[in-house]
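A closer look at the structure
Residues per chain, in single letters:
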Amino acid sequence: MTILHELRHGLLSDSPERTRAVGRELATALPENSVLALSGDLGSGKTTLVKGLAEGLGISSSITSPTFTIYCLYSGTRQLLHMDAYRLQGGFQLEALALDDFLQSPFLIAVEWPENIPGFFDDLPSFGLQLKILPDLKHHLLLQPPPVA
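I will try to describe carefully the structure that is included in this document. Within each chain, residue numbers correspond to sequence positions counted from 1 in written order. Local features are withheld for residues below a pLDDT of 70 in this predicted model, meaning they are given only at 70 or higher, and side-chain atom pairs are given and counted only at 80 or more; totals for whole chains, interfaces and linings count all residues. As a rule here, side-chain values cover all heavy atoms of the structure and leave hydrogens and water aside.

Moving on, we get to the pairing of strand 7 (residues 139–144). For each residue, the accessible area found with a 1.4 Å probe, counting protein chains only, is set against the maximum for its type, and the residue is called buried under 20%, exposed over 50%, and partly exposed in between. Helical segments are the DSSP runs of H or I of at least four residues, strand segments are the runs of E of at least two, and each set is numbered from the N terminus. With burial as the criterion, only one face of strand 7 is covered, namely that bearing His139, Leu141 and Leu143; the residues His140, Leu142 and Gln144 on the opposite face remain uncovered. Strand pairing is defined by DSSP finding a minimum of two bridges between the two strands. Two strands pair when backbone bridges link them, and strand 1 (residues 11–13) and strand 7 are joined in this way by three bridges, in the antiparallel orientation. Looking across to strand 7, one finds that Leu12 is bridged to His140. Relative to strand 7, strand 6 (residues 126–133) is paired through six bridges, and the arrangement is antiparallel. If you follow Gln130 over to strand 7, its bridge partner there is Leu142.

Structure follows, in structure tokens:
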């Protein structure tokens, strides 16, 4: 069973290490030049999953949430653009970020808080991943359609 199939049915993670392992597998399963929209409450494992994506793409840089820088770009077997849209609201002009000037194929875009920028990546293959913390503190990961405008 592939990681995409497992995530479509829901997957439980009982540790940050397991969430990173899911990210490593997902990095090679997602098509080139696609978007992974990561939704979930604070502390649900979004950045931890992105750390796994980076490892799966051969990126050795330290990965942190780009909440204040909006995005970080890393190079590995393909580029990883890690965006945190938490602070992006309403009229913010995403075009001003000049992503097209920096992003080179092949790439993977991982967006935390995609609900704040609906429709921005509509021209790329997109996957949505919902992360939830369960009452027993395990994390539930479910692949679903990404948020739409």
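With that settled, the discussion passes to the nonpolar core. What we call a nonpolar core is a set of buried Ala, Val, Leu, Ile, Met, Phe, Trp, Tyr and Cys residues that are connected through their side-chain atoms within 4.5 Å. Core analysis: the biggest nonpolar cluster contains 26 residues, and Leu7, Leu26, Leu36, Leu49, Leu53, Leu80 and Leu129 have the highest contact counts within it. Secondary-structure elements contributing two or more residues to this core are helix 1 (3–9), helix 2 (16–29), strand 2 (34–40), helix 3 (46–56), strand 5 (107–112), strand 6 and strand 7. By the convention used here, residues are in contact when the closest approach between their heavy atoms is within 4.5 Å. Among all residues touching Leu129, those that are not within four sequence positions of it are Leu7, Leu26, Leu36, Ala37, Leu38, Ser39, Leu49, Leu141, Leu142 and Leu143. Ranked by size, the runner-up nonpolar core spans 16 residues in total, among them Val35, Ile70, Leu99 and Ile109.

For the rest of this paragraph, the subject is a negative patch on the surface. Patches were defined on residues exceeding 30% relative accessible area and lacking a salt bridge, with like-charge contacts within 9 Å and nonpolar side-chain contacts (Val, Leu, Ile, Met, Phe, Trp, Tyr) within 5 Å. For accessible areas, the Shrake-Rupley method is used with a probe of radius 1.4 Å. Any residue's cover is judged against the shown protein chains and nothing else. Each salt bridge in this description consists of a side-chain nitrogen of Lys or Arg and a carboxyl oxygen of Asp or Glu lying within 4 Å of one another. For this count, His and the chain ends are skipped, Lys and Arg are scored as positive, and Asp and Glu as negative. For charged residues, the charge sits on one atom: NZ in Lys, CZ in Arg, CG in Asp, CD in Glu. A cluster of like negative charges, contributed by Asp100, Asp101, Asp122 and Asp123, occupies part of the molecular surface. For Asp101, the position within the fold is in helix 4 (residues 99–102). We classify Asp101 as exposed; its relative accessible area is 63%.

Attention shifts here to helix 3. Three or more residues of helix 3 are buried, namely Lys46, Thr47, Leu49, Val50, Gly52, Leu53 and Ala54. Looking one or two places after helix 3, you find Gly58, whose phi comes out positive at around 75°.

Glancing now at helix 2. Take the residue count of a helix, subtract one, and multiply by 1.5 Å to get its expected span. The end-to-end C-alpha distance of helix 2, which contains 14 residues, comes to 20 Å, matching closely the 20 Å that a straight helix rising 1.5 Å per residue would cover. Every buried residue of helix 2 is listed here: Thr19, Ala21, Val22, Gly23, Leu26 and Ala27. Tucked into the core, helix 2 has its buried residues touching helix 1, strand 1, strand 2, helix 3, strand 6 and strand 7.

Note on placement: Leu11 falls in strand 1. Considered as a pair, Leu11 and Leu30 are 19 residues apart in the sequence and their alpha carbons are 17 Å apart. Every residue in contact with Leu11, bar those within four places of it in the chain, is listed here: Ile3, Glu6, Arg18, Val22, His139, His140 and Leu141.

Reading across the sheet, the seven strands line up as 1-7-6-2-5-4-3 and stay open at both edges, with mixed pairing between neighbours. Edge positions in the sheet fall to strand 1 and strand 3 (71–74), since each has one partner strand and no second. Sheet twist, expressed as the mean angle between neighbouring strand axes with direction ignored, is 20°. Relative to strand 5, strand 4 (residues 79–84) is paired through six bridges, and the arrangement is parallel. Each bridged residue has a counterpart across the sheet, and for Asp84 the counterpart in strand 5 is Glu112. To obtain an axis, a line is fitted to C-alpha atoms, over the contacting stretch when the element is a helix, and the angle between two such axes runs from 0 to 180 degrees between their N-to-C directions. Helix-sheet contacts for helix 2 involve strand 1, strand 2, strand 6 and strand 7, and the interaxial angle to strand 1 is about 135°.

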